[in-house]
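Reading the structure
Listed below are the residues making up each chain.
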Amino acid sequence: MVAEPRAAATNPLRDPRDRRLPRVPDPCALVVFGVTGDLARKKLIPAIYDLGNRGLLPPGFALLGFARRDWDHGDFEELAMEAAKAHCRTPWRPEAWQRISEAVRFVPGSFDDDEAFDTLAQTLIDLEASHGIGGNTAFYLSIPPAMFPVVLKQMERTGMADNHVSGGWRRVVVEKPFGHDLASSRELNHLVDSVFTAKDVFRIDHYLGKETIQNLLALRFANTLFEPIWNAHYVDSVQITMAEDVGIAGRAGFYDSAGAARDVLQNHLLQLLALTAMEEPVAFDADALRIEKSKVLDAISLPTDLDRYAIRGRYEQGWLAGERVHGYLDESGIPKTSTTESYAAVRLGVETRRWAGVPFYLRTGKRLPRRVTEIAVSFAKAPHLPFAVTDTTELGNNQLVIRVQPDEGVTLRFGSKVPGSAMEVRDVSMDFSYGAAFTEGSPEAYERLILDVLLGDATLFPRNEEVEASWRVVDPLEAFWAGKQPHAYRAGEWGPRAADDMLAADGRSWRRP
Ligand code: BG6
């Protein structure tokens, strides 16, 4: 029987709603809790400015800040303008800010202050009359998870979370970490879901907002070239790296209570793994993507020998970019008795027919030689080489490398003949670079994700089930590491020796990104 060609509408990336047409959200307000924090200043407010500058904010748009500061609207507007000016991606245009600044409001108060929340609720009602925001509001919780319960209770008490009371839509954006382990994330999810309907909860993993991560889906599902070899028959192993040269950057309190595995592995790295390994979704939408990613996360297996295949590290004093930097234990705010890791590497399996037997090596760390995130798919060696062994010594595995950042693009490594009379074969690279191929710049991850929240598009937001499945992977690692000292590495090195030994034990080595 000859297979029918598939209808275009079933192609996940051929969305009938043309995504090239810029869609502008309904009139609405965005309330930011934790507006004085780093995230709001460096990412959220600049992203709002960039959206406004690109004409992607609705005419009736209001920005509200809530914090324990003795400020009026003008003070906040000035701070927001400075933040936008300092960190915006698109050119600074005073007239673009001017339009946003007309509806910037600030509500002072602490999270347990009923009166402040009543004022916030009233401000939203007033903005409906003055700026036509139509009862639509997104609440961005850029606050420590310990504060969630009190803020959510306040929203419930004042009816602010209620779509029916407001007559428009109400959405909540939750920043990671989603809990500390499976039990606390369940509690948190339960709490959020008791105040907002599940479809109105947007959990941010900003890596999903990065262009290159979305390109991974295009690469896999819009082409025929890669999919036939995207499986255990052809793939030898996968390495996912997220390396940073920075240290803990003034976040000692949070970081020391989390560590690299909770901060990055549990969310960014496992999401990258899920997108790399998942089956084709039946549509490019939130439900279809969540189903496929969840299947992968549920199929992840941990190695039995954790001693060898789950490695943590902690940086010691060293040199980076010509500067001497402190060790982790000497960072301000870190207790000398800390056993928290700044580096984690682990070998995982995905127990499905497609991936059985293929190791996925994940690593992340602070104070590594440079900032780089990449997914490297290494293919099996050719089963037979008709060339002299001495002529192929510089031939490695074929590799497809998705460069997430910086220098966004894709590299394909394969063997090629060296010019000359001998049949010498050596690895070469073929490169696609975003910067060279496209003239338009990539939006910042937060720009894309905030716009999606306002549009109500949850495609790039992990669901509850994914968060819990990821904790099921990380909890046993944390239990294994508890009470042990991490291995040492010098700042400026690619992690501890034990991580190299882990790959050497499998006859492999880490890629030098
Ligand atoms: C955050 C982590 O989620 O991602 C930080 O909490 C990390 O520790 C940051 O520095 C890295 O993000 P990006 O986009 O700069 O790679």
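Please read all numbers here as calculations on a predicted model, not as lab measurements. (Residues numbered from 1 in each chain as written. Predicted model: local features only at pLDDT ≥ 70, side-chain atom pairs only at ≥ 80, totals over all residues. Heavy atoms only, no water.)

**Focus: the overall build of the protein**
Where we set the bar: Helix numbers and strand numbers start at the N terminus; a helix is a DSSP run of H or I with at least 4 residues, a strand a run of E with at least 2. With C-alpha atoms as the basis for the radius of gyration, the globule rule is written as 2.2 Å multiplied by the number of residues raised to the power 0.38. The contact definition used throughout considers only heavy atoms, calling two residues in contact when any of these lie within 4.5 Å. Each accessible area is a Shrake-Rupley result for a 1.4 Å probe, and residues are judged covered by the shown protein chains and nothing else. Residues scored as charged are limited to Lys and Arg (positive) and Asp and Glu (negative), so that His and the chain ends carry no count. The atoms used to mark charge sites are NZ of Lys, CZ of Arg, CG of Asp and CD of Glu.
In terms of regular secondary structure, the protein is built from 16 helices and 18 strands. Here the C-alpha atoms of the protein give a radius of gyration of 24 Å, agreeing with the 24 Å that 2.2 N^0.38 yields for 513 residues. Its C-alpha atoms give the protein principal-axis dimensions of roughly 80 × 65 × 40 Å. Taking the contacts inside the protein whose residues are at least 6 apart along the sequence as the reference set, 78% of them involve residues at least 24 apart. In the form shown here, the protein has an accessible surface area of approximately 23,100 Å², with 52% of it arising from carbon and sulfur atoms. Of the side-chain charges in the protein, 59 are positive and 72 negative, and the distance between the mean point of each set is 4 Å.

**What to know about the sheet that holds strand β5 (residues 170–175)**
Stated formally: A pair of strands is labelled paired if DSSP reports no fewer than 2 bridges between them. What counts as an axis is a line fitted to C-alpha atoms, over the stretch in contact for a helix, and the angles between N-to-C directions run from 0 to 180 degrees.
The six strands lie next to each other as β3-β2-β1-β4-β5-β6, forming an open sheet whose pairing is parallel. Across the chains shown, the open sheet's two edge strands, defined by having one partner strand only, are β3 (104–108) and β6 (201–204). The sheet shows a mean angle of 20° between the axes of neighbouring strands, taken without regard to direction. Both strand β4 (residues 137–141) and β5 contribute to a ladder of five bridges, which runs parallel.

**Here's the deal with unusual backbone geometry**
Note that the residue after Lys-176, namely Pro-177, is joined by a cis bond; omega there is 5°. Mapped onto the fold, Pro-177 is located in the loop between β5 and α7 (182–195). With an omega of -15°, the peptide bond between Gln-405 and Pro-406 qualifies as cis. With respect to the secondary-structure elements, Pro-406 resides in the loop between β15 (399–405) and β16 (409–417). Positive phi outside glycine occurs at Ala-249, with the angle close to 45°. Among the secondary structure elements, Ala-249 is positioned in the loop between β7 (235–243) and α9 (252–258). Not every positive phi belongs to a glycine, and Asp-407 is a case in point at roughly 55°. Looking at the secondary structure, you find Asp-407 in the loop between β15 and β16.

**What about the site of the ligand?**
The criterion, for reference: Proximity is defined per residue: if any heavy atom of the residue lies within 4 Å of a molecule or strand, that residue is considered near it. By the criterion applied in these results, polar contacts are pairs of N or O atoms within 3.5 Å in which, for protein atoms, one can donate a hydrogen and the other can accept it, and in which residues neighboring in sequence qualify only through two side-chain atoms. The residue classification treats Ala, Val, Leu, Ile, Met, Phe, Trp, Tyr, Cys and Pro as nonpolar and Asp, Glu, Lys and Arg as charged. All others, Gly included, are polar.
The ligand sits among Lys-176, His-206, Tyr-207, Lys-210, Met-242, Glu-244, Arg-251, Asp-263, His-268, Lys-366, Arg-371 and Gln-405. Contact between the ligand and Lys-210: an oxygen atom at 2.6 Å from a side-chain N or O atom of the residue. In this structure, Arg-371 approaches the ligand through a side-chain N or O atom, which is 3.1 Å from an oxygen atom. In the complex, 81% of the free accessible area of the ligand, which totals 400 Å², lies under the protein chains. Residue classes in the shell around the ligand are distributed as two nonpolar, three polar and seven charged.

**Observations regarding the pairing of strand β12 (residues 343–350)**
Under the convention used in this document: Categorising residues by exposure relies on relative accessible area from a 1.4 Å probe, with only protein chains included: less than 20% of the type maximum marks a residue as buried, more than 50% marks it as exposed, and the intermediate range marks it as partly exposed.
Extensive coverage of β12 is indicated by the burial of seven of its eight residues. Examined bridge by bridge, strand β9 (residues 310–316) and β12 share four bridges and lie antiparallel to one another. Across the sheet, the residue bridging to Gly-313 is Tyr-343, located in β12. Direction of pairing for β12 relative to strand β13 (residues 360–365): antiparallel, over a ladder of six bridges. Bridging across to β13, Arg-347 finds its partner in Tyr-361.

**Concerning helix α1 (residues 38–53)**
We count it as follows: Expected span of a helix, by definition, is 1.5 Å for each gap between consecutive residues, and there is one gap fewer than residues. One axis fitted to the seven residues ending at a residue, another fitted to the seven starting there: the angle between these axes is the bend at that residue.
Its 16 residues give α1 an end-to-end C-alpha distance of 22 Å, which sits within 8% of 22 Å, the value for a rise of 1.5 Å per residue. Residue Leu-44 marks the point of greatest curvature in α1, where the axis turns by about 25°; the proline Pro-46 follows within four residues. Where α1 is concerned, the buried positions are Ala-40, Leu-44, Ile-45, Pro-46, Ala-47, Ile-48, Tyr-49, Asp-50, Leu-51, Gly-52 and Asn-53. Where α1 is buried, its residues touch β1 (28–33), β2 (61–67), α2 (73–87), α3 (94–101), β4 and α14 (445–455). Looking at the residues trailing α1, positive phi occurs at Gly-55, about 75°.

**Regarding the pattern of salt bridges**
Inclusion rule: We count a salt bridge whenever a side-chain nitrogen from Lys or Arg sits within 4 Å of a carboxyl oxygen from Asp or Glu.
A full pass over the atoms with the stated rule returns 35 salt bridges. In this structure, the salt-bridge partner of Glu-466 is Lys-293, at a minimum N-O distance of 2.9 Å. Taken as a pair, Glu-466 in helix α15 (residues 464–481) and Lys-293 in helix α11 (residues 286–298) lie far apart in primary sequence, 173 residues in all. Using a relative accessible area of 1% as the deciding quantity, one classes Glu-466 as buried.

**Quick notes on the domain arrangement of the protein**
To keep things clear, this is the line we draw: The source of the domain bounds is an automatic or database domain assignment.
On domain assignment, one finds that the protein holds domain 1 (29–175) and domain 2 (209–443 + 461–504). For domain 1 versus domain 2, the separation of C-alpha centres amounts to 35 Å.

**Details of the environment of Cys-28**
Positionally, Cys-28 belongs in strand β1. A sequence separation of 334 residues divides Cys-28 from Leu-362, and the C-alpha atoms of the two residues are 40 Å apart. When residues no more than four places from it in sequence are discounted, the contact partners of Cys-28 are Pro-58, Gly-60, Phe-61, Ala-62, Ile-133, Asn-136, Trp-169 and Leu-454.

**A few points about the confidence of the model for the protein**
For clarity, the cut-off: Confidence of the predictor at the level of single residues is captured by pLDDT, which takes values from 0 to 100.
For the protein, the average pLDDT comes to 92, and 96% of its residues sit at 70 or higher. Below pLDDT 50 for its whole length, residues 1–18 participates in 17 contacts with residues either more than four positions away or in separate chains.

**Observations concerning the packing of helix α10 (residues 260–277) against α11**
Convention followed: In what follows, roughly perpendicular refers to angles from 65 to 115 degrees, roughly parallel to angles under 35, roughly antiparallel to angles over 145, and oblique to any angle outside these ranges.
One can describe the packing of α10 onto α11 by two numbers: an axis separation of 9 Å at closest approach and a directional angle of 110°. Our classification of the angle between α10 and α11 gives roughly perpendicular. For the pair α10 and α11, the contacting residues are Leu-270, Gln-271, Leu-273, Ala-274, Leu-275 and Ala-277 in the first and Lys-293, Val-296 and Leu-297 in the second.

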